[in-house]
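For reference, the chains in residue letters:
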Amino acid sequence: MSQTQSEYTVSQHSLDRDCTTLSRHVLEQLNSFGPEAQDLSAIMNRIALAGKLISRRLSRAGLMAGVLGFTGEENIQGESVKKMDIYANDVFISVFKQSGLVCRLASEEMEKPYYIPENCPIGRYTLLYDPIDGSSNVDINLNVGSIFSIRQQQGEDLDGEAKDLFQDGHQQLAAGYILYGPSTLLVYSLGNGVHSFILDPSLGEFILAEENIKVPVHGPVYSVNEGNFWQWDNGIRDYIRYMHRHEGYTARYSGALVGDFHRILMQGGVFLYPGTVKKPEGKLRLLYESAPLAFLIEQAGGKASTGKENLLDVIPDKLHARTPLIIGSLEDVKLVESFIEDSYKQK
Ligand code: P6P
């Protein structure tokens, strides 16, 4: 029996969508088949492969020996390292070997950048990443994520310190994250909008889910660890008191940045990790946590701030530099900033 025109259109549309893989989308985004477009498409494809490998491991972690729990080591951040942190970190390294694409990898889990020698003569890209963000959630089967940022290597990096990475967040070529939740979601931007893909395990492909995601200009959610209240400056405390005393706000906090950020991106509101007495510069790392998410939120029409300046303007002085982070809907980030500004005026 012949299909009606509308049935044919729907089925053609769903076939087109199933064929809109990440690598094809990157080429469409760049509207080019040139060398750089091909490079970025290949890099995104490799990141997608890393996401599939990590997603597969997470989905069976509870059934496999030696996957969950701690290694007994501490990383450069002074944090206890989970076995999953190491596995995920190694996955990102492995997927870029013999790729000719990425010469250097800078990770939360490695003190120094990792060089892939066979790539370095021609690979002019650097991957900065947090392999498993929120790993405290891994052992209790709650969402975790990977965060990534791609930068172009500038200069020859002869001392192996990758000092050319110490530039502001506007230098990022691409940024995104993979959210390991009920489904595995990849969100990315090349500077031309924010787009999401969902892993279809039956295809082994990330399939386009949503294009040009825009964060609502305001949302009800504020996402912060209120257990740090006693450590905050008065401006943040006054903001939290305002949240407590006014209708229309609700608190959501998972302890994993990627999931908390994704909620804000999709529903609006603000995520904040301010400086504290113990960590005046904040906890979150600039180059592979805050800056990639700031790149995304600005592409989605939102705002990211340290509380004093635009997050993307911050220039790090070291690879693992940290910053306070206030990120989300334009109006909600501005509200937080207004309390910070008022508290300085009162000093
Ligand atoms: P706290 C996870 O360790 C992480 O780096 C982010 O994913 C998360 O937003 C934050 O730290 C949670 O920190 O101090 O609230 O436990």
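These lines cover the structure that appears in this document, whether it is placed above or below. Given the structure is predicted, the values throughout are model-derived calculations rather than measurements. (Residues numbered from 1 in each chain as written. Predicted model: local features only at pLDDT ≥ 70, side-chain atom pairs only at ≥ 80, totals over all residues. Heavy atoms only, no water.)

**Thoughts on the packing of aromatic side chains**
Which entries qualify depends on this criterion: Any pair of Phe, Tyr and Trp rings, taking the six-membered ring for Trp, is counted once the centres come within 6.5 Å. Such a pair is stacked with planes under 30 degrees apart, edge-to-face with planes over 60 apart, and tilted for the rest. Each helix corresponds to a stretch of at least 4 residues labelled H or I by DSSP, and each strand to a stretch of at least 2 residues labelled E; elements are numbered beginning at the N terminus. The cut-offs for exposure are 20% and 50% of the maximum accessible area for each residue type, with area from a 1.4 Å probe on protein chains only; residues under the lower value are buried, those over the upper are exposed, and the others partly exposed. Our definition puts a charge over a ring when NZ of Lys or CZ of Arg is within 6 Å of the ring centre and also within 35 degrees of the ring normal.
Applying the stated rule across the entire model yields 8 aromatic pairs. Note on F92 and Y129: the rings are 4.7 Å apart at their centroids and 35 degrees apart in plane angle, and the pair reads as tilted. Taken together, the positions of F92 in helix α4 (residues 83-96) and Y129 in strand β5 (residues 125-133) put the pair 37 residues apart, joining distant regions of the chain. Considered together, F92 and Y129 belong to a single accessibility category, that of buried residues. Judged by centre distance (6.0 Å) and plane angle (65 degrees), the rings of F229 and W232 are edge-to-face. Overall, F229 belongs to the partly exposed group, its relative accessible area being 23%. Looking at W232, the relative accessible area reads 4%, which means it is buried. Site record: aromatic cluster; members linked through ring pairs are Y239, Y242, Y249 and F339. Across the ring face of F70, the terminal group of K82 is positioned such that the distance to the ring centre comes to 4.8 Å.

**A look at the environment of W230**
What counts is decided by this rule: Contacts are residue-level and defined by heavy atoms, with any inter-residue pair within 4.5 Å sufficient. Residues adjacent in sequence count toward polar contacts only when both atoms are side-chain atoms; beyond that, a polar contact is any pair of N or O atoms within 3.5 Å, and within protein one must be able to donate a hydrogen and the other to accept it.
With respect to the element layout, W230 can be found in the loop between β11 (221-223) and α5 (234-245). Accessibility expressed as a relative area gives 52% for W230, which makes it exposed. Considered as a pair, W230 and I178 are 52 residues apart in the sequence and their alpha carbons are 33 Å apart. Contacts of W230, omitting those with residues within four sequence positions, involve R237 and K278. From its side chain, W230 meets the backbone oxygen of G227 in a polar contact 3.5 Å long.

**With respect to the sheet that holds strand β3 (residues 102-107)**
As a reminder, the rule being used: At least two DSSP bridges between two strands are needed for those strands to be called paired. Axis angles are defined between N-to-C directions and span 0 to 180 degrees, where every axis is a line fitted to C-alpha atoms and, for a helix, only to the segment in contact.
Taken together, 8 strands build an open sheet; the order of strands is β4-β3-β5-β6-β7-β8-β9-β10 and the sheet is mixed. Each edge of the open sheet carries a strand with a single partner, namely β4 (114-115) and β10 (205-210). Bridging between strand β6 (residues 144-152) and strand β7 (residues 174-180) involves 7 bridges; their strand directions are antiparallel. By the bridge assignment for β7, V144 is matched with Y180. Against the sheet, helix α2 (residues 22-30) makes contact with β8 (184-189), β9 (195-200) and β10, and its axis sits at roughly 15 degrees relative to β8, the strand it touches most. Of the strands in this sheet, β3, β5, β6, β7, β8, β9 and β10 touch helix α3 (residues 35-60), which is tilted by about 160 degrees from β6.

**Here we look at the state of the cysteines**
In plain terms, the rule: We call a pair of cysteine sulfur atoms a disulfide whenever their separation is within 2.5 Å.
Tallied over the entire structure, the rule returns 1 disulfide. Disulfide partner of C103: C120, at an S-S distance of 2.2 Å. Taking the sign of the S-S torsion, 90 degrees for the link of C103 and C120, the bridge is right-handed. Highlighted residues: C103 in strand β3 and C120 in the loop between β4 and β5, separated in sequence by 17 residues.

**What about the sheet that holds strand β14 (residues 303-305)?**
Strand order in the open sheet made by the 5 strands is β12-β11-β13-β15-β14, with mixed pairing throughout. Lying at the two open borders of the sheet, with one neighbouring strand each, are β12 (250-251) and β14. By the bridge criterion, 2 bridges tie β11 to β12 in an arrangement that is parallel. By the bridge assignment, V221 is partnered in β12 with T250. The sheet contacts of α5 involve β11 and β13 (269-273), and relative to β11 the element is tilted by about 145 degrees.

**Quick word on the site of the ligand**
Our working rule: For this description, a residue counts as near a given molecule or strand if any of its non-hydrogen atoms is within 4 Å of it. For the area figures, the Shrake-Rupley method with a 1.4 Å probe applies, and any residue is considered shielded solely by the protein chains shown. The nonpolar class holds Ala, Val, Leu, Ile, Met, Phe, Trp, Tyr, Cys and Pro. Asp, Glu, Lys and Arg form the charged class, and all remaining residues, Gly among them, are polar.
The ligand sits among 13 residues. The nearest are D133, N225, Y253, L257 and Y273. Contacts to the ligand include K283, whose side-chain N or O atom sits 2.9 Å from an oxygen atom. Protein contacts shield 80% of the accessible area of the ligand, which totals 400 Å² for the unbound molecule. Residue composition of the shell around the ligand, by class: 6 nonpolar, 3 polar and 4 charged.

**What to know about the nonpolar core**
Worth spelling out the cut-off: Buried residues of nine kinds, namely Ala, Val, Leu, Ile, Met, Phe, Trp, Tyr and Cys, make up a nonpolar core once their side-chain atoms join them within 4.5 Å.
Counting 42 residues, the largest nonpolar core has I47, L105, L127 and L186 as its most contacted members. It is α3 that contributes the most residues to this core, 8 residues altogether. Core analysis: the next-biggest nonpolar cluster, separate from the first, contains 32 residues, I147, Y177, L293 and F295 among them.

**Remarks on the packing of helix α6 (residues 257-267) against helix α7 (residues 286-299)**
Let me state the cut-off plainly: Oblique is the label for every angle not falling under 35 degrees (roughly parallel), over 145 degrees (roughly antiparallel), or within 65 to 115 degrees (roughly perpendicular). For a crossing to be left-handed, the near helix must be turned anticlockwise from the far one by less than a right angle; the clockwise case is right-handed.
For the pair α6 and α7, the least separation of the axes is 12 Å and the interaxial angle reads 15 degrees. Classified by the angle their axes make, α6 and α7 are roughly parallel. Note that α6 runs across α7; the crossing there is right-handed. Residue-level contacts link L257, F261 and L265 of α6 to E289, L293, L296 and I297 of α7.

**Regarding unusual backbone geometry**
A positive phi angle, close to 50 degrees, is found at N31, a residue other than glycine. The phi torsion at D157 lies on the positive side, around 50 degrees, for a residue other than glycine. The topology assignment puts D157 in the loop between β6 and β7. Since its relative accessible area comes to 15%, D157 is described here as buried.

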